[in-house]
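Coordinate analysis (summary)
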Amino acid sequence: MAHSARKDSPELPDFSYLKSLAKDHLIDQLRKIPGKKDLFIEPDLMSPLDRIANVSTLKQHEVDKLFKVEYKPIISTSDQLCFLIRPRIQTVKWICDVANADKAAGRSRRYNIIFTPQKFYACDAVLEEQGLFEEVTTYEWEFYLLPLDDDIISLELPEFFRDSFLAGDQRWVRTVSNSLCLLQSLYGPFSNVYGIGRISKMVEKCWREQGERGQTKNQQAKIGKVFLIDRDVDFVTPLCSQVVYEGLVDDIFRIKCGCVEFGPDVTSSDRSTKVMLNSQDKVFNQIRNEHFSNVFGYLSQKARNLQTAYDKRQGMDIKQMKAFVSEELKSLKQEHRLLSMHISASESIMKTKTSQDFQELLRIEHSLLEGFDIRECISFIEEHIIRQASITESMRLLCLLSMTENGLLSKDYRSLKTQFLQSYGTDHLFTFANLRQLGLLVEQQPGETLTVMESKVGKLVNDKTAGKLTDAFSSLTKKSHFRALSRKLNLVPKSDKDYDLRVPKDMAYIFSGAYNALSCKIIEQVLERDSWTGLEEVTRLINSPEFTVTVSNNPELSPKSDAQRIIFVMFLGGCTFSEISALRFLGKEKGYRFIVVTTAITNSSRMMEALLENRV
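No experiment lies behind these values; they were computed from the predicted model shown. In this convention, every chain numbers its residues from 1, walking through the sequence in written order. Given that the model is predicted, a residue must reach a pLDDT of at least 70 before its local features are reported, and side-chain atom pairs must reach 80 or more before they are shown or counted; all residues, however, enter totals for whole chains, interfaces and linings. To obtain the side-chain values, all non-hydrogen atoms of the structure were used and water was disregarded.

Some details on the packing of helix H16 (residues 374–386) against helix H18 (residues 410–424)
- Note on definitions: angles span 0 to 180 degrees between N-to-C directions of axes, and those axes are lines fitted to C-alpha atoms, for helices only across the stretch in contact. A run of H or I in DSSP becomes a helix once it reaches four residues, and a run of E becomes a strand once it reaches two; helices and strands are each numbered from the N terminus. Relative orientation of the contacting elements H16 and H18 amounts to 20°, with a least axis distance of 9 Å. The angle between the axes of H16 and H18 places the two elements in the roughly parallel class. Where H16 crosses over H18, the two elements pack in a sense that is left-handed. Where H16 abuts H18, its residues Arg 375, Ile 378, Ile 381, Glu 382, His 384, Ile 385 and Ile 386 lie against Asp 412, Ser 415, Leu 416, Gln 419, Phe 420, Ser 423 and Tyr 424.
- Three residue categories are used. Nonpolar comprises Ala, Val, Leu, Ile, Met, Phe, Trp, Tyr, Cys and Pro, charged comprises Asp, Glu, Lys and Arg, and polar comprises the others, including Gly. Classifying every residue of the contact of H16 with H18 by side-chain character gives seven nonpolar, four polar and three charged. To sort the angles, those under 35 degrees are grouped as roughly parallel, those over 145 as roughly antiparallel, those from 65 to 115 as roughly perpendicular, and the leftovers as oblique. Crossing handedness is read from the near helix: turned anticlockwise from the far helix by less than a right angle, it gives a left-handed crossing, and turned clockwise, a right-handed one. The contact rule is simple, with two residues in contact once any of their heavy atoms fall within 4.5 Å.

In structure tokens:
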């Protein structure tokens, strides 16, 4: 198996406090709204809320009925309405419509809005514009971080990616900064903060400006280093197909808030079943980070072991049977149920992901990463578009082609764009504008071939004049320079037919040995150096600001301390389960324990969906 815990691995802090704090604060807000009330919840808050406070908890605090926000006239008969929402203008406008409709009908109600994680000025402005500022009472539920597992924490802000990187909206910077303050107040001072990316730099600055708020003097340090990484530092990794088990489950069944809903084809019944996917599931915990080719072997062995455990009953006397039933049988039945579920899920994945089409897709991806047979890859993408296959899949392949080739030749760009618009609709001109703005899909300018661009960058690296560097790099904005980065960091390992996916030798196993995730490779290199020293050319190729901040010189954070080997990695804009698996592997190899903190779990489909525009 790819992962087995080292005996010297430090214990992770208990992050259940984060959930308890969120629950207590929600209850405090509900207590401020006395009397019976109907509660309207935004759809993307329902899963996080379910992890924090169940229905019975809400009922205990005078919540009568629960409704989902659906942007249509409501059917509630309650005299008091409460809305649990994100600070979105669209939702506030809908609440105003509800209140104004009541006014027109001569109905009097009390209206309460609980914003989470915080309220923005724009929301108050909408209420004032609608003449409802005095009639609607607003509250804030400071829900910043939700632990999804022992080593995964999410802010559950999927809109962070589009708002921050496409729209240039900086409103979530303080939210992330507040989450860092919360972590530091609960788990002690960090030793160093390393970061790369424009948004990361903003977060770090905002966090530092907030000072030592919430810290306790002489508090025991439980965490050593913190990494802040912008998603646009590494777009290639989330564009690649996931082949570790947890990533495939997410791609096919879509994991929400640490839970997945398996349909009748997996449950072998006429009903769907929600399953919590975390380290408490002994079967899932063993296969979650495995390359999918290894999963069935493990599941088969597990089935044989369970059968052997059941067979122990043969020949037992009454006393032994009683002990077996009371001590082992329940656990065996639970494992058997989970094993059956994961076998069925794996069979469903097999039908989708081991077909000839998928194998060909992986081959094309690997060719793009290696820079081989590009004309064949373009032909494959053209066929994919012409067949009107999944629009997000076609976008993903176009973006991966552009990112790995540092933009498309003009003739290829125009041809592929024309075919895409003919297949999926001309309203997706806006989609191309979004992709171009992010640098995901760009057209090479005349004279701007890959060789010329890399030559420019090489010249810049040797130029010590700060002013010239700034001016020159501004002209290289939104270029990926993937090939140069790949050579510098060995992102694409040399072809090795003997690569053993059962006993992987590096993080590249998460992509069948074809590619080391850039984000994870950066973390590995900085940890080896304990600084950005020696990575100057890499950071210039990435063209994002990097920084190091020494936060505490606490003697408890000596290099050999357990806390110093516990490392927070915060992805701003989302991270994939493949990256989480890679960091777990790196931790096992180097003796670290990584805790991934992300604005949301993402994958190629979610990222592309966030950039789709289907309006004219």
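Having seen it, we continue.
Things to note about the packing of aromatic side chains
- Stacked, edge-to-face and tilted are the three classes for Phe, Tyr and Trp ring pairs, Trp counted by its six-membered ring, which pair at centre distances within 6.5 Å; planes under 30 degrees apart are stacked, over 60 edge-to-face, the rest tilted. Evaluation of the coordinates by the stated rule reveals 24 aromatic pairs.
- Geometrically, the ring pair formed by Tyr 71 and Trp 94 is edge-to-face, given 6.0 Å between the ring centres and 75° between the ring planes. Of the two residues, Tyr 71 sits in the loop between strand S2 (63–68) and strand S3 (80–85) while Trp 94 sits in helix H4 (residues 89–104), which places them 23 residues apart along the sequence.
- Given a relative accessible area of 34%, Tyr 71 falls into the partly exposed group.
- Centre to centre, the rings of Tyr 245 and Phe 284 are 6.2 Å apart; their planes meet at 55°, and the pair counts as tilted. Remark: Phe 284 occurs in helix H12 (residues 282–287) and Tyr 245 occurs in helix H10 (residues 245–253); sequence separation between them is 39 residues. Burial status follows relative accessibility: with a 1.4 Å probe on protein chains alone, a residue under 20% of its type maximum counts as buried, one over 50% as exposed, and anything between as partly exposed.

Details of the sheet that holds S3
- Two strands qualify as a pair provided that DSSP identifies no fewer than 2 bridges between them. On the basis of which strands lie adjacent, the open sheet formed by five strands has the order S2-S1-S3-S4-S5 and parallel pairing. Strands with a single pairing partner mark the edges of an open sheet, and in this sheet they are S2 and strand S5 (136–140). When the angles between neighbouring strand axes are averaged without regard to direction, this sheet yields 20°.
- Direction of pairing for strand S4 (residues 110–115) relative to S5: parallel, over a ladder of five bridges. Across the sheet, residue Ile 113 finds its bridge partner in S5, namely Thr 138.

Some thoughts on the environment of Lys 256
- By the secondary structure assignment, Lys 256 is in the loop between H10 and strand S10 (259–262).
- Assessed through its relative accessible area of 52%, Lys 256 is described here as exposed.
- Along the backbone, Lys 256 and Asp 44 are 212 residues apart, and their C-alpha atoms lie at a distance of 9.4 Å.

Notes on the nonpolar core
- In these notes, a set of buried Ala, Val, Leu, Ile, Met, Phe, Trp, Tyr and Cys residues joined through side-chain atoms within 4.5 Å is what counts as a nonpolar core. With 170 residues, the main nonpolar core has Leu 440 and Phe 568 as its most contacted residues.
- Excluding residues that lie within four positions of it along the chain, Phe 568 makes contacts with Phe 15, Ile 153, Leu 183, Phe 190, Ile 223, Lys 225, Val 226, Phe 227, Ile 595 and Val 597.
- The next biggest cluster of nonpolar side chains, apart from the first, holds 21 residues, and it includes Phe 40, Val 69, Ile 85 and Phe 115.

Remarks on the pattern of salt bridges
- Here a salt bridge means any side-chain nitrogen of Lys or Arg lying within 4 Å of a carboxyl oxygen belonging to Asp or Glu. Counted according to the given criterion, the structure contains 36 salt bridges.
- One salt bridge in this structure joins Arg 171 and Asp 163, with 2.9 Å as the shortest N-O distance.
- Classification of Asp 163 by relative accessible area gives buried; the value is 14%.
- Here Glu 383 ties to Arg 387 by a salt bridge, and the two come within 3.8 Å at their closest N and O atoms.
- Because the salt bridges share partners, they merge into one network encompassing Asp 149, Asp 151, Glu 246, Arg 288 and Arg 584.

As for the layout of surface pockets
- Each cavity reported here is a set of points on a 1 Å grid over the protein atoms alone in which a 1.4 Å probe fits but cannot get out, each pocket an open set with protein on both sides within 12 Å along at least five of seven lines, and each lining residue one with an atom within 4 Å of a point. Grid points are joined across faces, edges and corners, and a volume is the space filled by probe spheres set on the points. Empty space within the largest pocket amounts to approximately 1,100 Å³.
- If you go around the largest pocket, you meet 42 residues; those closest to its centre are Asp 44, Leu 157, Pro 158, Glu 159 and Arg 606.
- A class-by-class count of the residues in the lining of the largest pocket yields 18 nonpolar, seven polar and 17 charged.

Let's talk about the confidence of the model for the protein
- Summary statistics for the protein give a mean pLDDT of 88 and a share of 88% for residues scoring 70 or more.
- Note on residues 460–477: pLDDT under 50 across the span, and 17 contacts to partners over four residues away in sequence or across chains. pLDDT is a per-residue confidence score from the predictor, ranging from 0 to 100.

Examining the side chain of Glu 613
- On the secondary structure map, Glu 613 appears in the segment after helix H26 (604–611).
- Definition of a polar contact: a pair of N or O atoms within 3.5 Å, with one able to donate and the other able to accept a hydrogen when the atoms are protein atoms, and with sequence-neighbouring residues admitted only if both atoms are side-chain atoms. Among the polar contacts listed, one links the side chain of Glu 613 to the side chain of Asn 434, at a separation of 3.3 Å.
- Once residues lying within four places of it in the same chain are set aside, the contact partners of Glu 613 are Arg 162, Asp 427, His 428, Phe 430, Thr 431 and Asn 434.

Details of unusual backbone geometry
- Thr 116 connects to Pro 117 through a cis peptide bond whose omega is 0°.
- As for its placement among the helices and strands, Pro 117 is situated in the loop between S4 and helix H5 (121–129).

Observations regarding empty space enclosed by the protein
- For the structure shown, the criterion picks out one cavity of 30 Å³ or more.
- For the largest cavity, the full set of lining residues is Cys 240, Ser 241, Val 243, Leu 362, Glu 365, His 366, Leu 369, Phe 511 and Ser 512.
- Residue composition of the lining of the largest cavity, grouped by class: five nonpolar, three polar and one charged.

Comments concerning the sheet that holds strand S7 (residues 152–154)
- In space, the seven strands of this open sheet follow the order S6-S7-S14-S13-S9-S8-S12, with mixed pairing throughout. Looking along the sheet, the strands with just one partner apiece sit at the ends: strand S6 (146–149) and strand S12 (546–550). The sheet shows a mean angle of 20° between the axes of neighbouring strands, direction not considered.
- Taken together, the three bridges between S6 and S7 define a ladder with antiparallel strand orientation. In the strand pairing of S7, Pro 147 is matched with Ile 153.
- Packed on one face of the sheet, helix H8 (residues 198–209) meets strand S8 (192–196), strand S9 (225–230), S12 and strand S13 (566–572) and runs near 135° to S9.
- Lying over the sheet, helix H25 (residues 577–590) contacts S7, S13 and strand S14 (593–598), oriented at roughly 160° with respect to S14.

Focus: helix H2 (residues 43–52)
- Those residues of H2 that sit buried are Leu 45, Pro 48, Leu 49, Arg 51 and Ile 52. Relative to the axis of H2, the buried residues are bounded by an arc of 155° and lie together on one face.
- Residues of H2 that are buried make contact with helix H1 (16–31), strand S1 (37–41), helix H3 (55–60), S3, S6 and strand S11 (273–276). Of all possible arcs, the one meant is that of the directions from the helix axis to the C-beta atoms.

A few points about H25
- A helix's residues, less one, multiplied by 1.5 Å, set its expected span. The first and last C-alpha atoms of H25 sit 20 Å apart over 14 residues, in line with the 20 Å expected at 1.5 Å per residue.
- Within H25, 11 of the 14 residues are buried, which leaves it mostly tucked inside the rest of the structure.
- Within H25, burial applies to Phe 577, Ser 578, Glu 579, Ile 580, Ser 581, Ala 582, Leu 583, Arg 584, Phe 585, Leu 586 and Gly 587.
- On its buried side, H25 packs onto S7, helix H9 (236–239), H10, helix H23 (518–529), S13 and S14.

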